[in-house]
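A structural walkthrough
Read off the chains here:
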Amino acid sequence: MKQKRRIPTPLLILLIVVALGVLCVLLLELTGTTHFFHGSKQAPAVSTKTGGGASVNNPKGESGTTSDTPTAPTDPGDTKSNTNTDSSTTLLAPSGNFVSNHRPNISGSPAPNTLSSVCTTTPGATCTITFTNGGTAKSLPEQTTDRAGSAYWNNWAVQDIGLTPGTWKIQAIAKLNSQTKSTADALDMVVAQ
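Cut-offs used in this document
- Residues numbered from 1 in each chain as written.
- Predicted model: local features only at pLDDT ≥ 70, side-chain atom pairs only at ≥ 80, totals over all residues.
- Heavy atoms only, no water.
- Helix = DSSP H or I, 4+ residues; strand = E, 2+ residues; numbered from the N terminus.
- Buried < 20%, exposed > 50% of the residue type's maximum accessible area, 1.4 Å probe, protein only.
- Contact = heavy atoms within 4.5 Å.
- Areas by Shrake-Rupley, 256 points an atom, 1.4 Å probe, with all protein chains shown as cover.
- Core = buried A, V, L, I, M, F, W, Y, C linked by side-chain atoms within 4.5 Å.
- Disulfide = S-S within 2.5 Å.
- Polar contact = N/O pair within 3.5 Å; in protein donor to acceptor, adjacent residues only side chain to side chain.
- Patch = residues over 30% accessible without salt bridge, like charges linked within 9 Å, V, L, I, M, F, W, Y side chains within 5 Å.
- Salt bridge = Lys/Arg side-chain N within 4 Å of Asp/Glu carboxyl O.
- Pairing = 2+ DSSP bridges.

**So, the overall build of the chain**
Summing up its helical and strand segments, the chain has 1 helix and 10 strands in all. Going from the N terminus to the C terminus, the chain shows its helices and strands as α-β-β-β-β-β-β-β-β-β-β. In the chain, which comprises 193 residues, the share counted as buried stands at 33%. Long-range pairs, those at least 24 residues apart, make up 65% of the contacts in the chain between residues at least 6 apart in sequence. Surface summary for the chain: the accessible area is close to 11,400 Å², and the carbon and sulfur share equals 59%.

Written as structure tokens, this is what we have:
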């Protein structure tokens, strides 16, 4: 009878550890926690809108005002000049993980109060994510999408844009030339104290 060849135990353990490590890195990349294989887009300031007027919220308490102009990509290779934004380009409806948590707590407990957001549309378009509750609207700052068509807002807190306890409708709005398209999140965000 032919005897089966066995893999030595230390080699088997090493293979399992390597496979688990690769799986962990893959999961962290897919959830936007790490940025080994793609750049991170940081939002420098947050704009807010209430009722008919507009105001700007400065979460760091710095003096001066913050404009609502689009933020530049952090990767020099991801500039608008590297994207096709001529007038014949068709704008895609925004998609993506508009908020990483639909049930945050302002206090940070039991659910975290920091979120990450992604808006994917046509490369070179601008994108923003808005939150509305009755007549109050708040939004993340407008960003220009990278060559892959994505804009990222990482580690922003619900307090940064003035979200209060309650139910907020979420909508991503993309603009390119004279085109505008929006997509509503299928789930509302319920902010708890």
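There is more to say after this.
**Overview of the nonpolar core**
As a rule of thumb, nonpolar side chains are buried together in soluble globular proteins. Among the nonpolar cores identified, the biggest contains 20 residues, and I129, F131, W153, W156, L163 and M189 are the most heavily contacted of them. Where this core is concerned, the elements lending two or more residues are β3 (114–120), β4 (126–133), β7 (150–157), β8 (166–176) and β10 (189–191).

**Digging into the state of the cysteines**
One pass over the structure, following the stated rule, counts 1 disulfide. A sulfur-sulfur distance of 1.8 Å marks the disulfide that ties C119 to C127. Taking the torsion about the S-S bond as the criterion, the C119 to C127 disulfide, at about 75°, is right-handed. Look at C119 and you get buried, because its relative accessible area is 0%.

**Focus: the side chain of S150**
Relative to the helices and strands, S150 is located in strand β7. Here T120 takes part through its side chain, which lies 3.0 Å from a polar atom of the side chain of S150. The residues touching S150, leaving out its near neighbours within four places in the chain, are C119, T120 and T145.

**Some words on a nonpolar patch on the surface**
A surface patch of nonpolar side chains, amounting to about 680 Å² of accessible area, comprises L12, I16, L20, L23, L26, L27 and L30. Within the secondary structure, L23 sits in helix α1 (residues 9–30).

**Examining the side chain of T122**
The residue T122 is located in the loop between β3 and β4 in this model. Here the side chain of T122 touches L92 through a polar contact of 2.8 Å, landing on its backbone nitrogen. The residues touching T122, leaving out its near neighbours within four places in the chain, are T89, T90, L91, L92, T145, G149 and L176.

**A word on the pattern of salt bridges**
If you walk through the whole model with that rule in mind, you get 1 salt bridge. Note that D188 is salt-bridged to K169, the shortest N-O span being 3.3 Å. Taken together, the positions of D188 in the loop between β9 (179–184) and β10 and K169 in strand β8 put the pair 19 residues apart, joining distant regions of the chain.

**Side note on the pairing of β7**
Consecutive side chains along a regular strand alternate between the two faces of the sheet. The buried count for β7 comes to 7 of 8 residues, which makes it a mostly enclosed element. Bridging between β3 and β7 involves 6 bridges; their strand directions are antiparallel. When the sheet's bridge partners are listed, V118 is paired in β7 with Y152.

**Some remarks on the environment of Y152**
Positionally, Y152 belongs in strand β7. On the basis of relative accessible area, Y152 is assigned to the buried category, the value being 14%. For the pair Y152 and C119, spaced 33 residues apart in sequence, the C-alpha to C-alpha distance is 6.8 Å.

**Considering unusual backbone geometry**
For the bond from S109 to P110, the omega torsion is 5°, close enough to zero to count as cis. Here P110 shows up in the loop between β2 (53–57) and β3. The backbone phi angle of N155 is positive, close to 50°, even though this residue is not glycine. As for its position among the elements, N155 is in strand β7. The phi angle at N177 is positive, at roughly 55°, despite the residue not being glycine. Along the chain, N177 turns up in the loop between β8 and β9. On the accessibility criterion, N177 (48% relative accessible area) is partly exposed.

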